[in-house]
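Residues per chain are reported as follows:
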Amino acid sequence: MKTRLLHIALFVLLCVNNIFAQDVTTVRANNTDISDNLDLRAVATIFGESSDLEDFERRLNDPDLQISNLDLNGDNYVDYIRVIEATQSNTHLIILQSVLGPDTYQDIATVEVERSGNDVQVQVVGDVYMYGSNYIYEPVYVTRPVIFDVFWAISYRPYYSPWYWGYYPTYYSYWAPYPVYRYRNHVHVYVNVNNTCNYVTTRRSSRAVSMHSARRSNGYERMHPDRSFATRTNSTNRYALEQSRENVRVERSSTASRNSYNSSSRSTADYSRGRSINSSRTDNNGNVRTTTPSRSSAISSSSRDNNQGTVRSRGNSNVVRSNPSTNNSRSYDATPSRSSSPTVRTEPSRNSSPSVRSSSPSRSSSPSIRSTPSSSRSSSPSMRSSSPSRNSSPAPSRSSNGRNSRG
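Residues numbered from 1 in each chain as written. Predicted model: local features only at pLDDT ≥ 70, side-chain atom pairs only at ≥ 80, totals over all residues. Heavy atoms only, no water.

Enquirer: I'd like to hear about the packing of aromatic side chains, residue by residue, with values.
Expert: Evaluated as defined, the whole model comprises 19 aromatic pairs. Ring geometry for Tyr 77 against Tyr 174: centres 5.1 Å apart, planes inclined by 55°, an arrangement best described as tilted. On the criterion of sequence distance, the pair formed by Tyr 77 in the loop between helix 3 (53-60) and strand 1 (80-88) and Tyr 174 in the loop between helix 5 (146-151) and helix 6 (180-187) is long-range, its members being 97 residues apart. Classification of Tyr 77 by relative accessible area gives partly exposed; the value is 40%. Here Tyr 172 and Tyr 174 contribute two aromatic rings whose centre-to-centre distance is 5.7 Å and whose plane-to-plane angle is 70°, an arrangement assigned as edge-to-face. With relative accessibility at 9%, the residue Tyr 172 sits in the buried group. For Tyr 174, a relative accessible area of 48% translates into the label partly exposed. The structure contains a cluster of three or more aromatic residues connected by ring pairs, namely Tyr 77, Tyr 80, Tyr 168, Tyr 172, Tyr 174 and Trp 175. The residue whose ring lies beneath Arg 82 is Tyr 105, and the NZ or CZ to ring-centre distance is 3.7 Å. (Phe/Tyr/Trp six-rings, centres within 6.5 Å; stacked < 30°, edge-to-face > 60°. Helix = DSSP H or I, 4+ residues; strand = E, 2+ residues; numbered from the N terminus. Buried < 20%, exposed > 50% of the residue type's maximum accessible area, 1.4 Å probe, protein only. Lys NZ or Arg CZ within 6 Å of the ring centre and 35° of its normal.)

Enquirer: For the side chain of Thr 110, give the residues involved together with the corresponding values.
Expert: Here Thr 110 is to be found in strand 3 (residues 104-116). Residues contacting Thr 110, with those up to four places away along its chain left out, are Leu 93, Ile 94, Ile 95, Gln 123, Val 124, Val 125, Arg 203 and His 212. (Contact = heavy atoms within 4.5 Å.)

Enquirer: Can you explain the sheet that holds strand 5 (residues 136-140)? Please cite residues and give values.
Expert: Strands pair in a sheet through their backbones, by hydrogen bonds, and they do so in one of two ways: parallel or antiparallel. Overall, antiparallel pairing links the 6 strands, which are arranged 1-2-3-4-5-6 in an open sheet. The sheet terminates laterally at strand 1 and strand 6 (196-200), the two strands that pair on one side only. With direction set aside, neighbouring strand axes in the sheet form an average angle of 25°. Contacts between helix 2 (residues 40-49) and the sheet are confined to strand 2 (91-101), strand 3, strand 4 (119-126), strand 5 and strand 6, with strand 4 contributing the most and set at about 145° to the helix. Of the strands in this sheet, strand 1 and strand 2 are in contact with helix 3, which crosses strand 1 at around 155°. (Pairing = 2+ DSSP bridges. Axes fitted to C-alpha atoms, helices over the stretch in contact; angles between N-to-C directions.)

Enquirer: Can you explain the environment of Trp 165? Please cite residues and give values.
Expert: Inspection of the secondary structure assignment puts Trp 165 in the loop between helix 5 and helix 6. On a C-alpha basis, the gap between Trp 165 and Leu 100 in space is 7.3 Å, while along the polypeptide they are 65 residues apart. Once residues within four sequence positions are removed from consideration, Trp 165 is found in contact with Asn 73, Asp 75, Val 99, Leu 100, Gly 101 and Pro 102.

Enquirer: How would you explain the side chain of Gln 106 if you had to name every residue and give the values?
Expert: By the secondary structure assignment, Gln 106 is in strand 3. In terms of polar contacts, Gln 106 uses its side chain to reach the backbone amide nitrogen of Glu 221, at 3.0 Å. (Polar contact = N/O pair within 3.5 Å; in protein donor to acceptor, adjacent residues only side chain to side chain.)

Enquirer: If you had to explain the nonpolar core to someone new, which residues and values would you point to?
Expert: Looking at soluble globular proteins, one finds that nonpolar side chains tend to be buried together. Core analysis: the largest hydrophobic core is formed by 40 residues, its most contacted members being Leu 38, Phe 47, Phe 56, Leu 60, Ile 94, Val 113 and Phe 148. Per-element tally for this core: the top contributor is helix 2, with 6 residues. Ignoring any residue separated from it by four or fewer positions in sequence, one finds Val 113 in contact with Phe 47, Asn 90, Thr 91, His 92, Ile 94, Val 120, Gln 121, Val 122, Phe 148, Phe 151 and Trp 152. Residues Val 78, Tyr 105, Tyr 172 and Trp 175 belong to the second largest nonpolar core, which totals 7 residues. (Core = buried A, V, L, I, M, F, W, Y, C linked by side-chain atoms within 4.5 Å.)

Enquirer: Talk me through the pattern of salt bridges; I want residue IDs and the actual numbers.
Expert: All chains considered together, the criterion is met by 14 salt bridges. Between Arg 204 and Glu 138 there is a salt bridge, with its nearest N and O atoms 2.4 Å apart. A residue pair is termed long-range when its members are at least 10 positions apart, and Arg 204 in the loop between strand 6 and helix 7 (206-213) and Glu 138 in strand 5 qualify at 66 residues. In this structure Glu 138 comes out as buried when scored by relative accessible area, which is 10%. Here the residues in one salt-bridge network are Asp 36, Arg 184, Arg 238, Glu 242 and Arg 245, joined through shared partners. (Salt bridge = Lys/Arg side-chain N within 4 Å of Asp/Glu carboxyl O.)

On their own, these measurements won't tell you what the molecule is for.
Spelled out as structure tokens, the structure:
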């Protein structure tokens, strides 16, 4: 017997666990991409804050700022990013290259600066292999960057980084890359919110495009031709990838909220359904008030053994309130009555027999009963006991055997 009860308990516990497991929504983190490790909006910010391209390269590789989180060669150290420049007329092409090994470089992004009169346009373009096609940001700076005045100085010479694999500046030191979620929180601080960074899909300078095609380095792409952005993801570029991630995140959050709300509603409903209230209260006047919730609309009936009390019924709440009697002995029965028997009304007899007046109310086993419709909405009538009649002639008693007169 004990073994059987144990098996039943285990079965019930398993069923309950399965029911609650259906309300749990598991949200998994999106797959990361190598393009997550260098935010081009942060690159645009520090470019506008740099005094020249040497200062720009220093900011990119500063171990205190840690703007980059790229580790393409997989040596567990963030790659050094070197900066080289090419100029033609009023166009400046700045190329950012990741140093992966001896004479091995991979283009990460380009900063294209072109002047037309006094107007200077800047575009930060992600490399196609790294960020997909046409991933472009146009920064609009609050104040004119100092570096613009340097570019068009008479004695200006294009910058070419002197650093390479194994030979780095003294301020540079290795550091391990962050997890992507930590890097996002970290680099967000270095994006200047006062500037405006507009996403566009068209490169303004055709001259910069031709200049870059002649100078592009793709050492990592040659080693891993099957890891291009189009192959790594199902999106056209990084901007489309970010939008799809945001949509998935919002959808999962909405689904989790709905499941949580439905689970909470079901729990509340089950709790309310299982509650039962059966209370009796007595006020200062001695009135007894009993409340019993029920799904039935039946009306409680009560019988009293004296003729001084009254009984009232209140609608669907099935509340029966009885007023105190002058007699200390009283009985109360709140059993719902669903009887559909016809109403019986007993009238006192009128005959010429001499009247007999009793000094006390009759307490016969079959008192006269007067039924009146209740104010309740129930289909069952309420039974109300009335006091015995005091007439000139006694009320006849009705029994199942016949009619007998009482003197």
